[in-house]
Structures are given as C-alpha cells and as structure tokens.
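The lines below spell out each chain.
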Amino acid sequence: MMKKMVILGGGYGGLTVATELLEKELPSDTVLVLVDRMPYQGLKTEYYALAAGTVSDQDIRVQFPVDPRLILKYGEVTGVDLENKLILFQNDEPLSYDWLALGLGCVDKFHQIEGADQYAESIQTLSSTRKTYQKVNDIAPYGQVTIVGGGLSGVEVAAELRESRSDLNIRILDRGASVMSAFPGKLQSFVRDWMLEHDIEMRSHVCLTRLENGILHNQQELIYTDVTIWTAGIQPSPIVQQLQLPKDNQGRLIINEYHQIEEYPEVFVIGDCASLPFSPSAQAAQGQGKQVAEVLRAIWKNETPRLGKIKLKGVLGSLGKKSGFALLGKRPVTGMVPRAIKSGVLWMSKRHFG
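The structure presented is a predicted model; accordingly, all values stated were derived computationally and were not measured. Chains are numbered independently. Their residues run from 1 in the order of the written sequence. Note on the predicted model: pLDDT of at least 70 is required for a residue's local features to be given, and 80 or more for side-chain atom pairs to be given and counted; whole-chain, interface and lining totals, by contrast, use all residues. Hydrogens and water are ignored here; the side-chain numbers use all heavy atoms of the structure.

**Brief notes about the pattern of salt bridges**
A pair is scored as a salt bridge if a Lys or Arg side-chain nitrogen falls within 4 Å of a carboxyl oxygen belonging to Asp or Glu. Under the defined criterion, the tally for this structure stands at 13 salt bridges. Of the charged contacts in the structure, one is a salt bridge between Arg 37 and Glu 76, with a shortest N-O distance of 3.1 Å. Placement of Arg 37 in the loop between β2 (30-36) and β3 (40-42) and of Glu 76 in the loop between β5 (70-74) and β6 (77-81) is noted, with a sequence separation of 39 residues between them. Measuring nitrogen to oxygen at the nearest pair gives 2.8 Å for the salt bridge that ties Asp 167 to Arg 165. The pair formed by Asp 167 and Arg 165 is uniform in burial state, with each residue classed as buried. One network of salt bridges, in which partners are shared, links Asp 57, Arg 61 and Arg 130. Secondary structure follows DSSP: runs of H or I at least 4 residues long count as helices, runs of E at least 2 residues long count as strands, and numbering of each begins at the N terminus. Here's how the labels work: a residue is buried when its accessible area is under 20% of the maximum for its type, exposed when over 50%, partly exposed in between, all with a 1.4 Å probe on protein chains only.

See the structure below:
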C-alpha cells in the first residue's frame, strides 16, 4: 500500500515542504499530495501591488513543481477529520493521509466590527485581491480610498496606490498612536514623513464601530469613503478554527518542538496556523517548511530529528517602487536599499531560490 504525505495549502510553508522533500530521496512507498484551490502559488507578500494595479496577476504567481512523485489536487477544503485521517472537500470524495502538513494560511480578522466583512475589501486571497483591484481602479478621479490598519500591509497598500493613482485621496486609519506602531521610532517617523510627502492622510486613535456602504462609523463621527481596504488583522483559516485542539490566544494551534500536534504526531502545522515565538511571515513559514521536511526524513529513517533554531532575516517593507524600509535584526534601514533587497527576494521566490 502506498503511503500518503498530504500537504494542505500551497503557500510559502506548504510549497517549501514539497520542494524540500522532492529534492531528497522520498521513500519508494510514499507519495506526496499537494492540495490547493489554485494551480499555482500566489506570492502573498506582493498582493498589495496587485490590489493597487502596479503589477499584473501573472507577475506574482509561482508554478507548482512538476514531478512524477507529486500529485496536485485542486479543491475547496471544508474540514479535517483527525480521528479518521481524512481531508474533507466541498465537491469531492474525502482524501486519506498518513502524514499531514497543515498550511492553510489566514483570513481577515474583523474584531467583531459590524459590516466590516461586508463593506471592506480584502487582500488575503488572490481572488479577493483581484476584486479589490477592480474596485479601487474603478473609483472616479479624486475619489477616496480608506485603508483600515496602519501596519506593514496597510502602509504598503497606501504607498503603492499612490504610485498607481496620483489623483486619489488616500487615508490610513489606525487604532494605535501611529502607523507602524510595532516598529522602532526611527522607522515609524520615516514612514510617516514619506506618507506626508506623498499626500497620504494618517489618522490615529480611530476606533471603528460599524461599516456601511461608503460610510465608516468612528464612534459618533461619520467618515465617508468610496472604497475601504481592510488590513487590520488576521486569524488562522476557518478550518483550523473548527478544530477542537489547544490553541494560543490568537487562535493558532499549539505545536511541539517538531512542529507536530501533540495528540496527533502525524500532523504538522506550518505558517499562519501555527503558534510560533515570532509573528507570522513568509520567512517563518519557509523556515518551518524546511524543518518539517527534515523531521519527516528522520521519521522515515527511524532517526531522531535534530533541529536548529529558525533564523529570520528581518522584515522588509516597500513604499512604492523606489523606497522602502527594513528591520534587519534590531537595525532599522530606510530608503532605496531595502526596496532593492525586497525586489531581489521576490525574484528569488519566483525562481524557487527561497
């Protein structure tokens, strides 16, 4: 009987597991199955540029590997039955597994704000980003775009949108005291100055209570807008939310040192669904993906895996195509250099040199 190693989600983590396992010997009785809704990976760190209209859809897609040992399966997953080792699909028979890597990514978190899921545009999936692109670029000249959330994604969307449409009124609303509040002061002020220079309005301490069509309610104040883009928080995929397993306060699954669920050691969790000591990112998911492949190889050889620490290179952000910022270790870097690094990272991930 062939054994099945199933990878759920072909994002940064899932694709890394697949490529790492294919590069080394797979046991002859084991087949890899990669499950995704689309026939390619969407480079999620670049969705902001697709939404703004500065890159095409094809620029941010990576083909899945073509290999006789890899079966690609497309479909909408509705659940995971851990007891019976089955993946459930919307319009398909269940798929059984012997080992599972869960890498289903995240969805928007709306913080119980009424109407947010209905009236805000998303950049969480390729499909929703395409819709956001359509809406944003159909706004009449001198219309208003409001971006809710002044973290990395919100800032990148605002800057890229300014590059795409110099006519639009763009504003960022944030609950905190400043955009990029999780970053060092030097980066915050660099980003703020860039925004002011490029006529992007920033409003802090905004606490939205409700969204309706074209109107945002900030307590008693009404804020008018043509399109609202949501970048104010993420949470793990609803499929992970359904699982009755130990989770952290962000709803991410608790895993052991080998990235396994304690009760179900045949299940590995990677990326935005896993509770990690650092915030979710493409780099973290790739780092985990490499280690999950190592653990599997050790299990298949009846060895004990020896894992090092996942090392993250830092955070990169772009302000349009000519400027950017980075946090490399504890060191803030601003201007052209981080932007060039970000372009290089994109070039590499499109060619599988991640």
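On we go from here.
**Let's talk about the pairing of strand β15 (residues 215-218)**
In β15, alternate side chains face the same way, and those of Ile 215 and His 217 on one face and Leu 216 and Asn 218 on the other are all buried. Sheet topology note: the strand β14 (residues 208-212)/β15 ladder contains 4 bridges and is antiparallel. By the bridge assignment for β15, Leu 211 is matched with Leu 216. Here, a strand pair is defined by DSSP locating no fewer than two bridges between the strands. Taking the residues that link successive antiparallel strands as the turn, the β14-β15 hairpin has 2 residues, and the phi of Gly 214 there is positive, at about 80 degrees.

**Looking at a negative patch on the surface**
Taken together, the side chains of Glu 83, Glu 257, Glu 262 and Glu 263 present a region of like negative charge at the surface. Secondary-structure assignment places Glu 263 in the loop between β19 (260-261) and β20 (264-269). Glu 263 gets classed as exposed once you look at its relative accessible area, which sits at 54%. Surface patches are drawn from residues lacking salt bridges whose relative accessible area is over 30%; two like charges belong together within 9 Å, two nonpolar side chains (Val, Leu, Ile, Met, Phe, Trp, Tyr) within 5 Å. Only the protein chains shown count as cover for residues, and the accessible areas themselves come from Shrake-Rupley with a 1.4 Å probe. Positive charge is attributed to Lys and Arg, negative charge to Asp and Glu, and no charge count is given to His or to the chain ends. Throughout, a charge is located at the NZ atom of Lys, the CZ atom of Arg, the CG atom of Asp or the CD atom of Glu.

**Some details on the sheet that holds β6**
Sheet architecture is open: 3 strands sit in the order β6-β7-β8, paired in antiparallel fashion. The outermost strands of the open sheet, each flanked by one partner alone, are β6 and β8 (95-96).

**Considering the packing of aromatic side chains**
How two aromatic rings sit relative to each other is set out by the distance from centre to centre and by the angle between their planes. Pairs were defined over the aromatic rings of Phe, Tyr and Trp, the Trp ring being its six-membered one, requiring ring centres within 6.5 Å. Orientation was assigned from the angle between planes: stacked under 30 degrees, edge-to-face over 60, tilted for the rest. Per the stated rule, a full pass over the model turns up 2 aromatic pairs. Residues Phe 110 and Trp 230 carry aromatic rings whose centres are separated by 5.3 Å and whose planes lie at 55 degrees to one another, so their mutual orientation is tilted. Remark: Trp 230 occurs in strand β17 (residues 227-230) and Phe 110 occurs in the loop between β10 (106-108) and α3 (116-119); sequence separation between them is 120 residues. Taking NZ or CZ as reference, Arg 61 lies 4.4 Å from the ring centre of Tyr 40, over its face. Geometrically, a charge over a ring is one whose NZ (Lys) or CZ (Arg) sits within 6 Å of the ring centre while staying within 35 degrees of the ring normal. Above the ring of Phe 89, the side-chain terminus of Lys 73 is found at 4.6 Å from the ring centroid.

**Focus on the nonpolar core**
Take the buried residues of types Ala, Val, Leu, Ile, Met, Phe, Trp, Tyr and Cys, join any two whose side-chain atoms come within 4.5 Å, and each joined set is a nonpolar core. Among the nonpolar cores identified, the biggest contains 63 residues, and Met 5, Leu 21, Val 155 and Met 195 are the most heavily contacted of them. The greatest single-element share of this core, amounting to 7 residues, is contributed by helix α8 (residues 282-300). Two residues form a contact once any of their heavy atoms are found within 4.5 Å. Excluding residues within four positions of it along the chain, Met 5 makes contact with Val 17, Leu 21, Thr 30, Val 31, Leu 32, Val 33, Trp 99, Leu 100, Ala 101, Leu 296 and Trp 300. The next biggest cluster of nonpolar side chains, apart from the first, holds 27 residues, and it includes Val 77, Leu 95, Leu 245 and Ala 284.

**Details of the sheet that holds strand β11 (residues 144-148)**
Within the open sheet, the 4 strands sit side by side as β13-β12-β11-β17. Their pairing is parallel. Every interior strand has two partners, whereas the edge strands, β13 (200-203) and β17, have only one. This sheet shows a mean twist of 20 degrees between the axes of neighbouring strands, independent of strand direction. When β11 meets strand β12 (residues 169-173), the two strands line up parallel, connected through 5 bridges. Here, axes are lines fitted to C-alpha atoms. For helices the fit covers the stretch in contact, and angles between N-to-C directions go from 0 to 180 degrees.

**Some remarks on the packing of helix α5 (residues 152-164) against helix α6 (residues 185-197)**
Put simply, α5 and α6 touch, their axes get as near as 11 Å, and they point 30 degrees apart. Our classification of the angle between α5 and α6 gives roughly parallel. Seen from above, α5 lies across α6 with left-handed handedness. Contacts from Val 155, Ala 158 and Ala 159 in α5 reach Val 191, Trp 194 and Met 195 in α6. In the scheme used here, Gly and all other residues not listed as nonpolar or charged are polar, with Ala, Val, Leu, Ile, Met, Phe, Trp, Tyr, Cys and Pro taken as nonpolar and Asp, Glu, Lys and Arg as charged. Of the residues belonging to the contact of α5 with α6, the class tally is 6 nonpolar, no polar and no charged. Any angle that falls under 35 degrees is termed roughly parallel, while one over 145 is termed roughly antiparallel, one within 65 to 115 roughly perpendicular, and all others oblique. Throughout, a crossing is termed right-handed when the near helix is turned clockwise from the far one, and left-handed when it is turned anticlockwise from it by less than a right angle.

**As for helix α1 (residues 12-23)**
Given a helix with a known number of residues, its expected span is that number minus one, times 1.5 Å. Under the 1.5 Å per step criterion, the end-to-end length of α1 is 16 Å for 12 residues, consistent within 8% with the ideal 16 Å. Within α1, 10 of the 12 residues are buried, which leaves the element mostly enclosed by the surrounding structure. All of the buried residues along α1 are Tyr 12, Gly 13, Gly 14, Leu 15, Thr 16, Val 17, Ala 18, Glu 20, Leu 21 and Leu 22. Packed against the buried residues of α1 are β1 (3-8), β2, β3, β4 (61-63), β5 and α8.

**Some remarks on a nonpolar patch on the surface**
Nonpolar side chains collect at one region of the surface, where Val 337, Ile 341 and Val 345 lie side by side and expose about 240 Å² of accessible area between them. Residue position: Val 345 is located in helix α9 (residues 336-350).

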